[in-house]
Amino acid sequence: MEIGLIGLGKMGGNMRERLRRAGHTVVGFDRNPDVSDVASLEELVEKLPSPKVVWVMVPAGDPTRETVTALGELLGEGDVVVDGGNSRWTDDIAHAELLAAKKIGYVDCGVSGGVWGLENGYALMYGGDAADVEKVQPAFDALRPEGEFGSVHAGKVGAGHFSKMVHNGIEYAIMQAYAEGWELLEKVESVDNVTEVFRSWREGTVIRSWLLDLLVAALDDAPGLEGIAGYAEDSGEGRWTVEAGIENAVATPAITAALYARFISRQDDSPAMKAVAAMRNQFGGHAMKTDAPKGGDAAGGGAPDQTGAAEKAGSGDQSPPSER
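Please read these numbers as outputs of a predicted model, since none were measured by experiment.

Broken down by element type, the protein carries 13 helices and 7 strands. Expressed as a percentage of the 324 residues in the protein, the buried residues total 39%. Counting only contacts in the protein whose residues sit at least 6 apart along the sequence, the fraction spanning at least 24 positions is 60%. Here the protein has roughly 18000 Å² of accessible surface; of this, 55% comes from carbon and sulfur atoms.

Here it is, written out as structure tokens:
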């Protein structure tokens, strides 16, 4: 098979290599000339035989929209565009309609596997008409993992990215559960070797998984996860999963909580918790931890009968700055 591949970053570059190892001819284009096979989209399209198949691996949103629109001007009847990025499934509908007007096929493909995909293969979830999928099938077969599973024609256009969106939402919840369990084990004095506890779970337990394997690998590198900031970004699919749950009246409490936990991780000092502390002080006289005033130690707010608690939160408080 001969295929064009646009976007040769960590994922795209490894996918090109895996396709080539399987004997396929790949013409790759990237804005970085050091990794690109051609100098332009026009040159990429010219080098491909008809029907042309062009796989897009660029960031979701405007970069993907602009690339698909440009391909719509360069490709012709019977050609196929594959969006293998993390686009929102609603974008797939718009892209398919745009290209259909020019009789160009469109397939959306959710891709999972990360930097390990080159050796292990990529889990693929794709949507589109069967005739369009058939033209891409040799590439799917080369990219997928060996074995019975790991690849699925999920349905019509949009089904691939919708499936990948839900996959990533589930991933959020699983990672959050592991993370909370790790923090709790680290907190108690009775558990001496948290890393080995997690390692023991890799065999014979119902919670064993590749994510667990990866967490153990991280703990082997740094048992206390030293040097890693407690900050987690979200790529968008978690939000989209929660929104889809709302739109379809499907409750997603675990995924939603995991998404919100990521939001909280980005705050050095939570405004919401400030409000909670203020309310607790108002109704119960609970001491509040405050920043140190100029020339003095931090003090608790508190009601008049909370003097002792205020003193404990002052000069004798040895908690780290982030807890103040």
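Taken across its 5 residues, strand 1 (residues 2-6) has 4 buried, putting it largely inside the fold. As paired elements, strand 1 and strand 3 (residues 53-56) share 3 bridges and run parallel to each other. If you follow Ile6 over to strand 3, its bridge partner there is Val56.

What follows is about the nonpolar core. One finds Trp55, Val82, Cys109, Leu124, Val136 and Phe140 to be the most contacted residues of the largest nonpolar core, which totals 24 residues. Contributions of two or more residues to this core are made by strand 1, helix 1 (10-21), strand 3, strand 4 (80-83), strand 5 (105-112), strand 6 (123-127) and helix 6 (130-143). It is helix 6 that contributes the most residues to this core, 6 residues altogether. With residues up to four places along the chain from it excluded, the contact list for Leu124 reads Cys109, Gly110, Val111, Phe140, Leu143, Arg144, Gly150, Ser151 and Val152. One finds Phe29, Leu48, Leu71 and Tyr106 within the second-largest nonpolar core, a separate group that totals 20 residues.

Attention now goes to the sheet that holds strand 5. Taking strand neighbours across the sheet as the criterion, the 7 strands line up as 2-1-3-4-5-6-7 in an open arrangement whose pairing is mixed. Whereas interior strands pair on both sides, the edge strands pair on one side only; in this sheet they are strand 2 (25-29) and strand 7 (151-155). Averaged over all pairs of adjacent strands, the angle between strand axes in this sheet comes to 25°, irrespective of strand direction. Bridge count between strand 5 and strand 6: 5 bridges; the pairing is antiparallel. Pairing of Val111 across the sheet is with Leu124, part of strand 6.

Across the 5 residues of strand 2, 4 count as buried, placing the element largely inside the fold. The pairing of strand 1 with strand 2 spans 5 bridges and is parallel. Within the sheet, the bridge partner assigned to Leu5 lies in strand 2 and is Gly28. Assessed by its sense of winding, the connection that carries the chain from strand 1 through helix 1 to strand 2 is right-handed.

What follows is about the pattern of salt bridges. Using the criterion set out here, one finds 15 salt bridges in the structure. Between Asp234 and Arg266 there is a salt bridge, and its shortest N-O distance comes to 2.6 Å. Taken together, the residues Asp234 in the loop between helix 9 (210-221) and helix 10 (237-247) and Arg266 in the loop between helix 11 (253-265) and helix 12 (271-284) connect sequence positions 32 residues apart. It is possible to trace a salt-bridge network through shared partners that takes in Glu233, Asp234, Arg239 and Arg266.

This part is about the side chain of Thr256. Within the secondary structure, Thr256 sits in helix 11. What makes Thr256 buried here is its relative accessible area of 18%. Among the polar contacts listed, one links the side chain of Thr256 to the backbone oxygen of Thr252, at a separation of 2.7 Å.

Below, the discussion takes up the packing of helix 10 against helix 11. As a packed pair, helix 10 and helix 11 sit with axes 10 Å apart at the nearest point and diverge in direction by 140°. When the axis of helix 10 is compared with that of helix 11, the two are oblique. Between helix 10 and helix 11 lies a crossing whose hand is left-handed. The segment helix 10 lies against helix 11, with Gly238, Arg239, Thr241 and Val242 engaging Ile255, Thr256, Leu259 and Phe263.

Attention now goes to the environment of Trp240. Following the sequence through the fold, Trp240 ends up in helix 10. Taking the C-alpha atoms as reference points, Trp240 and Arg88, separated by 152 residues in sequence, lie 7.6 Å from one another. The residues touching Trp240, leaving out its near neighbours within four places in the chain, are Asn86, Ser87, Arg88 and Met165.

What counts, and where the lines are drawn
- Residues numbered from 1 in each chain as written.
- Predicted model: local features only at pLDDT ≥ 70, side-chain atom pairs only at ≥ 80, totals over all residues.
- Heavy atoms only, no water.
- Helix = DSSP H or I, 4+ residues; strand = E, 2+ residues; numbered from the N terminus.
- Buried < 20%, exposed > 50% of the residue type's maximum accessible area, 1.4 Å probe, protein only.
- Contact = heavy atoms within 4.5 Å.
- Areas by Shrake-Rupley, 256 points an atom, 1.4 Å probe, with all protein chains shown as cover.
- Pairing = 2+ DSSP bridges.
- Core = buried A, V, L, I, M, F, W, Y, C linked by side-chain atoms within 4.5 Å.
- Axes fitted to C-alpha atoms, helices over the stretch in contact; angles between N-to-C directions.
- Right-handed = clockwise from strand over helix to strand, strands pointing away.
- Salt bridge = Lys/Arg side-chain N within 4 Å of Asp/Glu carboxyl O.
- Polar contact = N/O pair within 3.5 Å; in protein donor to acceptor, adjacent residues only side chain to side chain.
- Parallel < 35°, antiparallel > 145°, perpendicular 65-115°, else oblique.
- Left-handed = near helix turned anticlockwise from the far one by under 90°.

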